[in-house]
Amino acid sequence: KQQGMVDDIKAIEKNETWELVDLPEGNNVIGLKWVYCTKYNPDGSIQKNKARLVARGYAQQQGSDFDETFSPIARFEMVRTLLALAA
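Not measured: the values here are computed from a predicted model.

With that settled, the discussion passes to the overall build of the protein chain. When its secondary structure is counted, the protein chain shows two helices and two strands. For the protein chain, the α and β elements follow one another from N to C terminus as α-β-β-α. Looking at the protein chain as a whole, 6% of its 87 residues are labelled buried. For the protein chain, restricting intrachain contacts to residue pairs at least 6 apart in sequence, the fraction spanning at least 24 positions comes to 41%.

Next comes the structure, spelled out in structure tokens:
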């Protein structure tokens, strides 16, 4: 699990996903939590342990805590469908 956490922090820093700033006066801190997932090989052996650091978004308010949202994840099925439509 620990290696997965280190890998996720490195990815956050590399992609500049988050920007650390001082807490504005009158605002609350939004908590974070680690979500763990174990990836398995087809034979059932462990391929790798993954970890993802996520914000507890239920405490956020738009305009105050964030301005926009963005998720860079595309599902393979969606990419295949778009390519089929383009062809």
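On we go.
Let us look at the side chain of D8. Its place among the elements puts D8 in helix α1 (residues 2-15). Apart from the residues within four sequence positions on either side, D8 is in contact with W34, A51, R52 and L53.

Another aspect to go through is the pairing of strand β1 (residues 32-40). The side chains of a regular strand alternate between both faces of the sheet. One ladder, built from nine bridges, connects β1 with strand β2 (residues 46-55); its direction is antiparallel. Looking at β2, one finds that K39 is bridged to K48.

Moving on: a nonpolar patch on the surface. A cluster of nonpolar side chains, M78, L82 and L85, forms an exposed patch at the surface whose accessible area comes to about 350 Å². Structurally, L82 can be placed in helix α2 (residues 76-86).

On the surface, K39, K48, K50 and R52 cluster together into a patch of positive charge. With three residues, the top contributor of residues to the positive patch is β2. Tracing the backbone shows K39 in strand β1.

Among the secondary structure elements, T38 is positioned in strand β1. Owing to a relative accessible area of 30%, T38 belongs among the partly exposed residues under this scheme. Sequence separation between T38 and K50 is twelve residues; the distance between their C-alpha atoms is 6.0 Å. T38 has contacts with I46, K48 and N49, leaving out every residue within four places of it along the chain.

With that settled, the discussion passes to α1. Between the first and last C-alpha of α1 there are 20 Å, a value that for 14 residues agrees with the 20 Å anticipated at 1.5 Å per step. Residues of α1 that are buried sit in contact with β1 and β2. Downstream of α1 by a residue or two, E16 has a phi angle that is positive, lying close to 50°.

We now examine the confidence of the model for the protein chain. When pLDDT is averaged along the protein chain, the result is 80, and 80% of the positions lie at 70 or above. Mean pLDDT values for the elements of the protein chain range from 82 in β2 up to 87 in β1.

Calculation criteria
- Residues numbered from 1 in each chain as written.
- Predicted model: local features only at pLDDT ≥ 70, side-chain atom pairs only at ≥ 80, totals over all residues.
- Heavy atoms only, no water.
- Helix = DSSP H or I, 4+ residues; strand = E, 2+ residues; numbered from the N terminus.
- Buried < 20%, exposed > 50% of the residue type's maximum accessible area, 1.4 Å probe, protein only.
- Contact = heavy atoms within 4.5 Å.
- Pairing = 2+ DSSP bridges.
- Patch = residues over 30% accessible without salt bridge, like charges linked within 9 Å, V, L, I, M, F, W, Y side chains within 5 Å.
- Areas by Shrake-Rupley, 256 points an atom, 1.4 Å probe, with all protein chains shown as cover.
- Salt bridge = Lys/Arg side-chain N within 4 Å of Asp/Glu carboxyl O.
- Lys, Arg positive; Asp, Glu negative; His and termini not counted.
- Charge placed at Lys NZ, Arg CZ, Asp CG, Glu CD.
- Expected span 1.5 Å × (residues − 1).
- pLDDT = per-residue confidence, 0-100.

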